[in-house]
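Overview (structure and organization)
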Amino acid sequence: GTGMLASPVGFWLAHALPERPLTLIFAAVLVLSSVRMWRQASASQGAHADARPASPACKLDPATGRLRWTGRCALTLGATGAMAGLLSGLLGVGGGFVLVPVLLLATDLPMAAAMATSMGVIALVSGAGALMAGFSGHMAWDVAWPFAIGALGGMLAGRAVAGRLSGPRLQQGFALLSMSVAAALLWRALA
């Protein structure tokens, strides 16, 4: 909910700021995310596989399998949702870059549940952002539909291949790809 409310604010900021600072902000988000992914993958291969805090803000109730909602839990997840929504509206990112790491740090959810939760939130926040862009006349539908269809196909292909690849190596590969994209964006913005 907080992500859906913050997404239009990010969208408004994206149209108020010049392109160069947005590109630099996006590149910075990619660099930070890439470094975090690389470190996390490297740690999972070593002796420190679980870097989670001993007392996360949100804990699962063993009897129900659901999160125990406390003020600290609601505040942590609400703030994270708002940040993801703001980044989604501002840069078109936020889900996996923000939600999965925070869900893993702030909760004791297993990785599969954190990823599934992130995907659900991404769908809701992206939907709000797409509606905002569509109603404001900024959506290039002739470009958006092929990308959406390609993304869906890529997601299905990725699910089929994911089980055959090592999680840490896949994460490191994605970190390298993200770092390469960040370098290209920085070059373009500063050249």
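Scroll up a little and you will see the structure.
Rules and cut-offs
Residues numbered from 1 in each chain as written. Predicted model: local features only at pLDDT ≥ 70, side-chain atom pairs only at ≥ 80, totals over all residues. Heavy atoms only, no water. Helix = DSSP H or I, 4+ residues; strand = E, 2+ residues; numbered from the N terminus. Rg over C-alpha atoms; globule rule 2.2 N^0.38 Å. Buried < 20%, exposed > 50% of the residue type's maximum accessible area, 1.4 Å probe, protein only. Areas by Shrake-Rupley, 256 points an atom, 1.4 Å probe, with all protein chains shown as cover. Lys, Arg positive; Asp, Glu negative; His and termini not counted. Charge placed at Lys NZ, Arg CZ, Asp CG, Glu CD. Core = buried A, V, L, I, M, F, W, Y, C linked by side-chain atoms within 4.5 Å. Contact = heavy atoms within 4.5 Å. 1 Å grid on protein atoms, 1.4 Å probe; cavity = no way out; pocket = protein on both sides within 12 Å on 5 of 7 lines; lining within 4 Å. Points joined across faces, edges and corners; volume = space filled by probe spheres on them. Nonpolar A, V, L, I, M, F, W, Y, C, P; charged D, E, K, R; others polar. Axes fitted to C-alpha atoms, helices over the stretch in contact; angles between N-to-C directions. Parallel < 35°, antiparallel > 145°, perpendicular 65-115°, else oblique. Left-handed = near helix turned anticlockwise from the far one by under 90°. Patch = residues over 30% accessible without salt bridge, like charges linked within 9 Å, V, L, I, M, F, W, Y side chains within 5 Å. Salt bridge = Lys/Arg side-chain N within 4 Å of Asp/Glu carboxyl O. Expected span 1.5 Å × (residues − 1).

1. Some thoughts on the overall build of the protein
When you go through the protein residue by residue, the secondary structure sums to seven helices and zero strands. Moving toward the C terminus, one meets the helices and strands of the protein in the order α-α-α-α-α-α-α. On C-alpha atoms alone, the protein measures out to a radius of gyration of 18 Å, which is about the 16 Å that the 2.2 N^0.38 rule sets for 191 residues. When the backbone C-alpha atoms are referred to their principal axes, the protein occupies close to 50 × 35 × 30 Å. The buried share of the protein, taken over its 191 residues, is 29%. Looking at the protein as shown, the accessible area adds up to about 11600 Å², and 72% of this sits on carbon and sulfur atoms. Distance between charge centres in the protein, computed from 12 positive and 5 negative side chains, equals 7 Å.

2. Thoughts on the nonpolar core
In terms of nonpolar packing, the biggest core is built from ten residues, these being Ala14, Leu22, Val29, Ala84, Leu87, Leu90, Leu91, Val93, Val98 and Leu99. Of all the secondary structure elements, the ones that give two or more residues to this core are helix 2 (19-45), helix 3 (71-91) and helix 4 (95-106). With four residues, helix 3 is the single largest residue contributor to this core. Apart from residues lying up to four places away in sequence, Leu91 is in contact with Leu22, Ile25, Phe26 and Val29.

3. A short note on the layout of surface pockets
Summary: where empty space remains is shown by rolling a probe the size of a single water molecule over the atoms. In this model, the second largest pocket occupies a volume close to 240 Å³. Surrounding the second largest pocket, 16 residues form its lining, Leu77, Gly81, Leu99, Thr117 and Val121 being those nearest its centre. Put simply, the parts of the chain that give the lining of the second largest pocket at least two residues each are helix 1 (2-16), helix 3, helix 4 and helix 5 (111-136). Residues of the lining of the second largest pocket, tallied by class, amount to nine nonpolar, seven polar and no charged.

4. Comments concerning the packing of helix 1 against helix 5
Direction vectors running N to C along helix 1 and helix 5 enclose 40°, while the axes themselves pass 8 Å from each other. In terms of orientation, helix 1 lies oblique with respect to helix 5. Like other packed secondary-structure pairs, helix 1 and helix 5 cross with a definite hand, here right-handed. From helix 1, Gly3, Met4, Ser7, Pro8 and Phe11 reach across to helix 5, where they touch Leu124, Val125, Ala128, Gly129, Met132, Ala133 and Ser136. Among the residues forming the contact of helix 1 with helix 5, the class breakdown is eight nonpolar, four polar and no charged.

5. Some words on the side chain of Thr80
Position of Thr80 relative to the elements: it lies in helix 3. In this structure Thr80 comes out as buried when scored by relative accessible area, which is 11%. If sequence neighbours within four positions are ignored, Thr80 has contacts with Val98, Leu99 and Val102.

6. As for a nonpolar patch on the surface
Nonpolar side chains collect at one region of the surface, where Met119, Leu152, Met155 and Leu156 lie side by side and expose about 390 Å² of accessible area between them. Here the nonpolar patch takes three residues from helix 6 (residues 141-162), the largest share from any one element. Assignment of secondary structure puts Met119 in helix 5. Classification of Met119 as partly exposed rests on a relative accessible area of 45%.

7. Considerations on helix 3
A rise of 1.5 Å per residue sets the reference length of helix 3, with its 21 residues, at 30 Å; its end C-alpha atoms lie 30 Å apart and thus fit the reference within 8%. Remark: Gly92 follows helix 3 within two positions and exhibits a positive phi of approximately 80°.

8. Focus on the packing of helix 1 against helix 3
When two helices pack together, their arrangement is captured by the angle between the axes and the distance separating the axes. At their nearest, the axes of helix 1 and helix 3 sit 6 Å apart, and the two run at 30° to each other. For helix 1 against helix 3, the interelement crossing comes out right-handed. Here Thr2, Gly3, Ala6, Ser7, Val9, Gly10, Phe11, Leu13 and Ala14 of helix 1 come into contact with helix 3, specifically with Leu77, Gly78, Gly81, Ala82, Gly85, Leu86, Gly89 and Leu90. Looking at side-chain class alone, the contact of helix 1 with helix 3 contains nine nonpolar, eight polar and no charged residues.

9. Some words on the environment of Pro62
By the secondary structure assignment, Pro62 is in the loop between helix 2 and helix 3. Looking at Pro62, the relative accessible area reads 72%, which means it is exposed. Linking Pro62 and His15, residues 47 residues apart in sequence, is a C-alpha distance of 46 Å.

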